[in-house]
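An overview of the molecular structure
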Amino acid sequence: MREGGPGRRSGGNTGTAPWADLTTIAHLNDYEGRPEARPFTREEIQRFLDYADDQVDRAVRAKRKGALAAYRDATLFKVIYGWGLRRTETSKLDVVDFGRNSKAPQFGRYGTLNVRYGKAKKGQPPRRRNVLSVMDWAVEAVADYVENVRPRFGCEDHPALWVTERGGRVKPAEINARFVTYRDALKLPKELTVHSARHSYVTHLTEDGVDRRFLQQQVGHENDSSTAIYTHVSDDFMNTMLHKALAPALAPTSADKDR
């Protein structure tokens, strides 16, 4: 996986920013997925996010309609994976939902994300939660989008984080349609859904040693058993954990060393 995390496009580029040429382009069922659906592997999520970035580059080079939307969607998918969000939660985000985290000042105004439309229990309003930012590359990507790309949609007075070229808010069905287009173009397995990126957030951070109780709070699960369903760690990770578990038993004793 490329150093710095999935996806190539983020803030802080030293060359010409890929959004710089966008001004030349003219006209510039709420199903969240099965809990048992498998996550992306790290290689798959890298390929997917790279492909999303490539669509921006192609549109900019061709000076064709849709480059802004492609840039928006490439960032949107990074946010789903980078904060472990559901599709509907993502579509309803507003710009002001990002805030500072005094414990992580390096993330600036993107240290926390206030999810206002979390999955509700039957007959109850949506549940809110604050998700702490943990992936610096994702923070850089969304900061670049908010500060350099979103203003080019001309929707300064619209609260939505993800705006359309017609001045509306991106809908969950539109997120799903773009996802399927990219997934199928890459010939990735059809069992991968938008929700798989949320699963990947839990799985990959678990493999990286992040405490599962913390992840439970991050993704808004009341029970640890729900978070456990999201965890599909790789064979390599399982083999590493097995080696660590067996290491004390297999370590040579002082008597063995004296022989």
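Everything below is about the structure printed above this text.
Read on for a plain summary of the structure. (Residues numbered from 1 in each chain as written. Predicted model: local features only at pLDDT ≥ 70, side-chain atom pairs only at ≥ 80, totals over all residues. Heavy atoms only, no water.)

1. A closer look at empty space enclosed by the protein
Keep this limit in mind: In this analysis, the protein atoms alone were mapped onto a 1 Å grid. Cavities are point sets where a 1.4 Å probe fits without being able to get out; pockets are open sets with protein on both sides within 12 Å along at least five of seven lines; lining residues have an atom within 4 Å of a point. Grid points are joined across faces, edges and corners, and a volume is the space filled by probe spheres set on the points. Strands are runs of DSSP state E lasting at least 2 residues, helices are runs of H or I lasting at least 4, and numbering of each runs from the N terminus. Side-chain classes follow a simple rule in which Ala, Val, Leu, Ile, Met, Phe, Trp, Tyr, Cys and Pro form the nonpolar group, Asp, Glu, Lys and Arg form the charged group, and the remainder, Gly included, forms the polar group.
Of the voids in this model, the largest cavity is the one considered here, and its volume is about 50 Å³. Phe40, Ile45, Phe48, Leu49, Phe77, Ile80, Tyr81, Phe179, Val194 and Ala197 are the residues that line the largest cavity. Every element with two or more residues in the lining of the largest cavity is listed here: helix 1 (42-62), helix 2 (67-83) and helix 6 (194-207). Across the lining of the largest cavity, the residue classes tally to 10 nonpolar, no polar and no charged.

2. So, the pattern of salt bridges
To keep it simple, the criterion reads: By definition here, a salt bridge exists when the distance from a side-chain nitrogen of Lys or Arg to a carboxyl oxygen of Asp or Glu is within 4 Å. For every residue, the accessible area (1.4 Å probe, protein chains only) is compared with the maximum for its type, and the residue is labelled buried under 20%, exposed over 50%, or partly exposed between those bounds.
This structure, assessed with the given rule, holds 15 salt bridges. Ionic pairing is found between Arg38 and Glu44, a salt bridge with its closest N-O pair at 2.9 Å. Classification of Arg38 by relative accessible area gives partly exposed; the value is 25%. A single network of salt bridges, built from pairs that share partners, joins Asp94, Asp97, Arg116 and Arg169.

3. Examining the packing of helix 1 against helix 2
Using the following cut-off: Where helices are involved, their axes are fitted lines through C-alpha atoms of the stretch in contact, as for all axes, and angles between N-to-C directions lie from 0 to 180°. With respect to orientation, any angle under 35 degrees is reported as roughly parallel, any angle over 145 as roughly antiparallel, any angle of 65 to 115 as roughly perpendicular, and every other angle as oblique. It is the rotation of the near helix from the far one that decides the hand of a crossing: anticlockwise by less than a right angle makes it left-handed, clockwise makes it right-handed. For this analysis, residues touch if any pair of their heavy atoms sits within 4.5 Å.
Remark: helix 1 packs on helix 2, axes separated minimally by 8 Å, with the N-to-C direction vectors making an angle of 165°. Taken together, the axes of helix 1 and helix 2 lie roughly antiparallel to each other. Of the two possible hands of crossing, helix 1 and helix 2 adopt the one that is left-handed. Listed contacts from helix 2 to Ile45, Phe48, Leu49, Ala52, Asp53, Gln55, Val56, Ala59 and Val60 of helix 1 are Ala67, Ala70, Tyr71, Ala74, Phe77, Lys78 and Tyr81. Here the residues of the contact of helix 1 with helix 2 are counted per class, giving 13 nonpolar, 1 polar and 2 charged.

4. Some words on the side chain of Asn101
Note the threshold: Definition of a polar contact: a pair of N or O atoms within 3.5 Å, with one able to donate and the other able to accept a hydrogen when the atoms are protein atoms, and with sequence-neighbouring residues admitted only if both atoms are side-chain atoms.
Mapped onto the elements, Asn101 comes out in the loop between strand 1 (98-99) and strand 2 (112-118). Among the residues examined, Asn101 registers a relative accessible area of 13% and is labelled buried. In this structure the side chain of Asn101 is engaged in a polar contact, spanning 3.0 Å, whose partner is the backbone nitrogen of Lys103. Setting aside anything within four residues of it in sequence, one finds Asn101 in contact with Gly108, Gly111, Thr112 and Leu132.

Functional significance is not addressed by these values, which are geometric in nature.
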